[in-house]
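Below are the chains, spelled out letter by letter.
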Amino acid sequence: MKKVLSLFLILLLALTACGTQEKEETATPQEKKTEEGTNAAKEEKTNKRELTAEDQQFSKLIVEKNYDEVVKQTVSLKTESQKDFYYIASAFIKNNENQTKTYDPADLTAMKTDYQVIVNYINRVKFVPDEIKAEVEGLKTSAEEKVAESDKQLTK
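Here's a quick rundown of the structure.

Here the focus is unusual backbone geometry. Phi at Lys-65 takes a positive value of approximately 60 degrees, unusual for a residue other than glycine. Relative to the helices and strands, Lys-65 resides in the loop between helix H3 (53–63) and helix H4 (67–74). Non-glycine residue Leu-77 carries a positive phi angle of around 55 degrees. Counting through the fold element by element, Leu-77 comes out in the loop between H4 and helix H5 (80–100).

So this is what it looks like as C-alpha cells:
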C-alpha cells in the first residue's frame, strides 16, 4: 500500500511538473505580471465560489486530517471542487511524508524538490474554504520557507 501511494505521488509530481512547465512556456507577455499583481489577482479569484455540499464534505475531511479519503473521493478531478481538494489533500499527504523522511545531507536538492511539490499543489488551488484557509496558508508558508532554506544551503 505504501509503495503504491509513493508511486502514485511520484507520478503525480511528474504530471504536475509537466503541466506547470507547459503553462509557463505558453504564457503571453500580457500574462507575465509582477509577482505582487499576480498574487493579488489570485487572492481575488480565490474564495469567490459558493460553498457546496461537496466542499463542506471535503473540508470536514481535511479538518479531520483524513487526507487519503479526500484523495480517494476526488481522484477523478471531474469538478473544480474535486480538483481543489485533491491538490489540498495531496499537499498535506506530501508534507506528512516529508516530516517522516530522512534526507541525506549530501543531497540538498531532494528536500527542496519535496517541499516545492507542496507549493506547486497549493498554487493550483483556486478555492479554499475559510474553515481550512489558515491551515492551507500555513502549510504553503512553511513549505516555501523550506524551499528557501534549501536554496540558501545550495548556494553556499
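Read on, since the account is not over.
A separate point is helix H7 (residues 130–154). With 25 residues, H7 should cover 36 Å at 1.5 Å per step; its first-to-last C-alpha distance of 36 Å lies within 8% of that length. The set of residues buried in H7 consists of Ile-132, Lys-133, Val-136, Leu-139, Ala-143, Val-147 and Ser-150.

Following the sequence through the fold, Ser-59 ends up in helix H3. Taking relative accessible area as the criterion, Ser-59 reaches 1% and is therefore assigned buried. Leave out the neighbours within four places in its chain, and Ser-59 touches Phe-85, Pro-129, Glu-131 and Ile-132.

On to the pattern of salt bridges, then. It is possible for side chains of opposite charge to pair when their charged atoms get near one another. Evaluated as defined, the whole model comprises 10 salt bridges. Measuring nitrogen to oxygen at the nearest pair gives 4.0 Å for the salt bridge that ties Lys-140 to Glu-144. Pair noted here: Lys-140 and Glu-144 are both in helix H7, with a separation of 4 residues, about one helical turn. Residue class for Lys-140 comes out partly exposed when judged on its relative accessible area of 22%. Where salt bridges share partners, they join Lys-94, Glu-97, Lys-101 and Asp-114 into one cluster.

In the contact formed by H3 and H5, the axes pass within 10 Å of each other and the chain directions differ by 5 degrees. One element, H3, and the other, H5, form an angle in the roughly parallel class. Of H5, the residues touching H3 (which contributes Glu-54, Asp-55, Phe-58, Ser-59 and Ile-62) are Ser-81, Gln-82, Phe-85, Ile-88, Ala-89 and Phe-92. Residue composition of the contact of H3 with H5, by class: 6 nonpolar, 3 polar and 2 charged.

The subject of this paragraph is the nonpolar core. Formed by 29 residues in total, the largest nonpolar core has its most connected members in Ile-62 and Ile-88. Put simply, the parts of the chain that give this core at least two residues each are H3, H4, H5, helix H6 (108–124) and H7. Sort the elements by how many residues they give to this core and H5 lands first, with 8 residues. In this structure Ile-62 touches Tyr-67, Val-70, Phe-85, Ile-88, Ala-89, Phe-92 and Ile-132, once residues within four positions along its chain are discounted.

Conventions and cut-offs
- Residues numbered from 1 in each chain as written.
- Predicted model: local features only at pLDDT ≥ 70, side-chain atom pairs only at ≥ 80, totals over all residues.
- Heavy atoms only, no water.
- Helix = DSSP H or I, 4+ residues; strand = E, 2+ residues; numbered from the N terminus.
- Expected span 1.5 Å × (residues − 1).
- Buried < 20%, exposed > 50% of the residue type's maximum accessible area, 1.4 Å probe, protein only.
- Contact = heavy atoms within 4.5 Å.
- Salt bridge = Lys/Arg side-chain N within 4 Å of Asp/Glu carboxyl O.
- Axes fitted to C-alpha atoms, helices over the stretch in contact; angles between N-to-C directions.
- Parallel < 35°, antiparallel > 145°, perpendicular 65-115°, else oblique.
- Nonpolar A, V, L, I, M, F, W, Y, C, P; charged D, E, K, R; others polar.
- Core = buried A, V, L, I, M, F, W, Y, C linked by side-chain atoms within 4.5 Å.

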